[in-house]
Amino acid sequence: VPEETAPEESARVEPAPEEPQTQSEPETVPETTGTQPEAQTQEPEVQEPLTNYVVADEALTPEVLSRQVSACGDYAIDNSTLGIYFWEQYYSLANQYGDYLFYSLDPTKPMNTQYVEEGVTWEQMLLESALSMFHSVAACCTEAEKTGFRISEEDQEYLDSLPEKLTAQVAAYGFETADAYLQDAYGPGVTMEVYSEYVRQQILAATFLQSEIDKIQ
């Protein structure tokens, strides 16, 4: 993805549970398979860890954006949806810490050149957080569907109305379509369909988890 720099604080819309803003999507860590390696008679080759996930705009083809990054339970995540999770991690930190965040993160410089701690860039940290959040959501959604849990009628009505409401909201910020806004906020490949599914999973996971907590209280 083009270099990630922190977005400006202006022109923010709140169409769903989180606040999107402007940025491009990061290219991702490779998917792990979980298979065991065969026995070896010599020392295995040591691979250097990936430290830079930024790619050029022209490399973000539909094939790359739809490439699976990871999976958990009955759910998988591709590069497009990873962009949503990635930037939501950033927005969450920005909302929590405000201007204090920028004492350690310079919003004018790429995240892959700034370090949270020794050997760990902001980009790496946010990617790891994004994948961890996806795994948590996917695990909850998988368990919810196994038990027959469904979202409420009210939540379903919200999901059904989301495209129309978001389109109306973003028009005030100069965006002709919801897709244009979402791609400006989260990166290439994030369409209204992709975003709606992301929101559905967030709602399903949150409401199922709350129902399980209520059972033990």
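Quick look at the structure, then. Values in this document were obtained by computation on a predicted structure and should not be read as measured data.

With respect to a negative patch on the surface
There is a patch of like negative charges on the surface, built from Glu153, Glu154, Glu157 and Asp160. As for its placement among the helices and strands, Asp160 is situated in helix 4 (residues 153–171).

Some thoughts on the environment of Gln89
You can see Gln89 is positioned in helix 2 (residues 79–97). Residues Gln89 and Ser129, spaced 40 residues apart in sequence, show a C-alpha to C-alpha distance of 6.9 Å. Those residues in contact with Gln89, other than ones at most four positions away along the chain, are Leu126, Ser129, Ala130 and Met133.

A word on the packing of helix 2 against helix 3 (residues 122–146)
Closest axis-to-axis distance for the helix 2/helix 3 pair is 8 Å, and the angle between their directions is 110°. As summarised for this structure, helix 2 and helix 3 are arranged roughly perpendicular, according to the angle between their axes. Relative to helix 3, the crossing made by helix 2 is right-handed. Contacts between helix 2 and helix 3 involve Leu82, Tyr85, Phe86, Gln89, Tyr90 and Leu93 on the former and, on the latter, Trp122, Glu123, Met125, Leu126, Leu127, Ser129, Ala130, Leu131, Met133, Phe134 and Val137. In the contact of helix 2 with helix 3, the residues fall into 14 nonpolar, two polar and one charged.

Some words on helix 5 (residues 178–186)
Inspection of helix 5 places Ala178, Tyr181, Leu182, Ala185 and Tyr186 among the buried residues, and these make up the whole buried set. Viewed end-on, helix 5 has its buried residues packed into an arc of 105°, placing them on one side of the element. Tucked into the core, helix 5 has its buried residues touching helix 2, helix 4 and helix 6 (192–216). Gly187, located one to two residues past helix 5, shows a positive phi value of around 115°.

Looking at the packing of aromatic side chains
The final tally for this structure, using the stated rule, is 11 aromatic pairs. Pairing Phe149 with Phe208 gives two aromatic rings, centres 5.5 Å apart and planes at 70°, and the pair type is edge-to-face. Residue Phe149 is located in the loop between helix 3 and helix 4, and its partner Phe208 is located in helix 6; the two are separated by 59 residues in the primary sequence. When the centroid spacing of 6.0 Å and the interplanar angle of 25° are considered together, the rings of Tyr195 and Tyr198 count as stacked. Taken together, the residues span about one helical turn, with Tyr195 and Tyr198 both in helix 6 at a distance of three residues.

Description of the pairing of strand 1 (residues 68–72)
Inspection of the sheet shows strand 1 paired to strand 2 (residues 75–78) by four bridges, in the antiparallel sense. Across the sheet, Cys72 pairs through a bridge with Tyr75, a residue of strand 2. Once strand 1 ends, the chain turns through two residues before running back antiparallel as strand 2, passing Gly73 with a positive phi of about 60°.

A word on the pattern of salt bridges
Tallied over the entire structure, the rule returns four salt bridges. Arg200 serves as the salt-bridge partner of Glu145, at 3.8 Å between the closest nitrogen and oxygen. On the criterion of sequence distance, the pair formed by Glu145 in helix 3 and Arg200 in helix 6 is long-range, its members being 55 residues apart. Relative accessible area serves as the criterion here: at 32%, Glu145 is assigned to the partly exposed category. When its relative accessible area of 23% is taken as the criterion, Arg200 is described as partly exposed. The shortest N-O distance in the salt bridge between Lys215 and Glu212 comes to 2.9 Å. Placement of the pair is Lys215 and Glu212 together in helix 6, with a separation of three residues, close to one helical turn. Exposure remark for Glu212: the relative accessible area of 31% places this residue in the partly exposed category. Each of Glu145, Glu197 and Arg200 takes part in a single network of salt bridges with overlapping partners.

Conventions we followed
Residues numbered from 1 in each chain as written. Predicted model: local features only at pLDDT ≥ 70, side-chain atom pairs only at ≥ 80, totals over all residues. Heavy atoms only, no water. Patch = residues over 30% accessible without salt bridge, like charges linked within 9 Å, V, L, I, M, F, W, Y side chains within 5 Å. Areas by Shrake-Rupley, 256 points an atom, 1.4 Å probe, with all protein chains shown as cover. Salt bridge = Lys/Arg side-chain N within 4 Å of Asp/Glu carboxyl O. Lys, Arg positive; Asp, Glu negative; His and termini not counted. Charge placed at Lys NZ, Arg CZ, Asp CG, Glu CD. Helix = DSSP H or I, 4+ residues; strand = E, 2+ residues; numbered from the N terminus. Contact = heavy atoms within 4.5 Å. Axes fitted to C-alpha atoms, helices over the stretch in contact; angles between N-to-C directions. Parallel < 35°, antiparallel > 145°, perpendicular 65-115°, else oblique. Left-handed = near helix turned anticlockwise from the far one by under 90°. Nonpolar A, V, L, I, M, F, W, Y, C, P; charged D, E, K, R; others polar. Buried < 20%, exposed > 50% of the residue type's maximum accessible area, 1.4 Å probe, protein only. Arc of directions from axis to C-beta. Phe/Tyr/Trp six-rings, centres within 6.5 Å; stacked < 30°, edge-to-face > 60°. Pairing = 2+ DSSP bridges.

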